[in-house]
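Descriptive structure summary
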Amino acid sequence: MANDVGSIPELDQQKYDAEEQVKIICLGDSAVGKSKLMERFLMDDYCPQQLSTFALTLYKYTATVGNKAVVVDFWDTAGQERFQSMHPSYYHKAHACILVFDVQRKITYKNLVTWYKELREYRPEIPCCVVANKIDADMKVTQRSFNFSKKHGLPFYFVSAADGTNVVKMFRDMIKRAVDYKQNPSDFMDEVMQELENFDLHKKEENSEAEEDGLKAESPELD
Ligand SMILES: Nc1nc2c(ncn2[C@@H]2O[C@H](COP(=O)(O)OP(=O)(O)OP(=O)(O)O)[C@@H](O)[C@H]2O)c(=O)[nH]1
Ligand SMILES: [Mg+2]
């Protein structure tokens, strides 16, 4: 994803401003099962758009939330090195994030800290969940508690892409949360940007009002 993504039509992210479009990203170490989870959720009903130059696959899915049809784009990257940063455009305009680790490999759980930190640098407030994948390989892990999610106040799911346990529930919950977030964004940066725009607008209005009154904006106040 190191190239200029702005020039690729599939990667035009303006569409995520439209009410009925949401973007959900998936993060986690290589081979934790990110792609298999999406494939399991979408089953026959998916048409992945492979953008191999960017090691990126977009899965499109139409969900019904309330009475509305919502187009969900799931963004999935492949073969990320453990501590390699993602391209900022991966996070851009994302409405929710699914953070995945492999219950069979402790290191993938430890690395959640790094993934989560990077996510929050770009998207401080979007809904996020933690997904413990591959529980089919050892059901005993479901007795264990994984504190990362509690510590950060994130919902936690034990899932298996192989046998489908909890996969549909997790994706449905996340789609719903992405749509809710989109309708009521609480993202601090979104709010700051909005404030700045409003501030700029007010300033312009004040300036033009002042000019109409025959005053320059910079004029000192006179008694
Ligand atoms: N037993 C078991 N194996 C799984 C499960 N999910 C994925 N796998 C296996 O784990 C391997 C990696 O799965 P992928 O979905 O390709 O992993 P990924 O996270 O997309 O990996 P990258 O694309 O390299 O980032 C594959 O061999 C899968 O068959 C699962 O729920 N249970
Ligand atoms: Mg993959």
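The sections below set out a description of the structure shown in this document.

Calculation notes
Residues numbered from 1 in each chain as written. Chains lettered and ligands numbered in written order. Predicted model: local features only at pLDDT ≥ 70, side-chain atom pairs only at ≥ 80, totals over all residues. Heavy atoms only, no water. Helix = DSSP H or I, 4+ residues; strand = E, 2+ residues; numbered from the N terminus. Near = heavy atom within 4 Å. Polar contact = N/O pair within 3.5 Å; in protein donor to acceptor, adjacent residues only side chain to side chain. Nonpolar A, V, L, I, M, F, W, Y, C, P; charged D, E, K, R; others polar. Expected span 1.5 Å × (residues − 1). Buried < 20%, exposed > 50% of the residue type's maximum accessible area, 1.4 Å probe, protein only. Arc of directions from axis to C-beta. Core = buried A, V, L, I, M, F, W, Y, C linked by side-chain atoms within 4.5 Å. Contact = heavy atoms within 4.5 Å. Phe/Tyr/Trp six-rings, centres within 6.5 Å; stacked < 30°, edge-to-face > 60°.

1. Focus on the environment of P124
The topology assignment puts P124 in the loop between α4 (112-122) and β6 (128-133). Between the C-alpha atom of P124 and that of Y16, which follows or precedes it by 108 residues, the distance is 18 Å.

2. Let's talk about the site of ligand 1
Taken together, 17 residues are adjacent to ligand 1, and S30, A31, K34, D136 and A161 come closest. Here an oxygen atom of ligand 1 sits 2.9 Å away from a polar atom, N or O, in the main chain of K36. A162 is positioned with one of its backbone polar atoms (N or O) 3.0 Å from an oxygen atom of ligand 1. Of all the elements, helix α1 (residues 34-42) adds the most residues to the shell around ligand 1, at three residues. A class-by-class count of the residues in the shell around ligand 1 yields five nonpolar, seven polar and five charged.

3. Notes on helix α6 (residues 167-183)
With 17 residues, α6 should reach 24 Å at 1.5 Å per residue; the first-to-last C-alpha distance of 25 Å fits that figure. The set of residues buried in α6 consists of V167, M170, F171, M174, I175, A178, V179, Y181 and K182. Down the axis of α6, the smallest arc covering the buried residues is 165°, so these residues share one side.

4. Overview of the nonpolar core
Of all hydrophobic cores here, the largest spans 60 residues; its most connected members are F74, I98 and I175. Non-local contacts of F74, meaning those with residues more than four positions away in its chain, are made with I24, M38, F41, L42, T57, L58, Y59, Y61, F171 and I175.

5. Quick notes on the packing of aromatic side chains
Per the stated rule, a full pass over the model turns up 16 aromatic pairs. Arranged with centres 4.7 Å apart and planes meeting at 10°, the rings of Y91 and Y122 form a pair that is stacked. Here Y91, found in helix α2 (residues 88-91), pairs with Y122, found in helix α4; they are 31 residues apart in sequence, far enough to count as distant. Summarising the aromatic geometry, the rings of F146 and F156 are spaced 5.7 Å apart at their centres and angled 15° between planes, so their arrangement reads as stacked.

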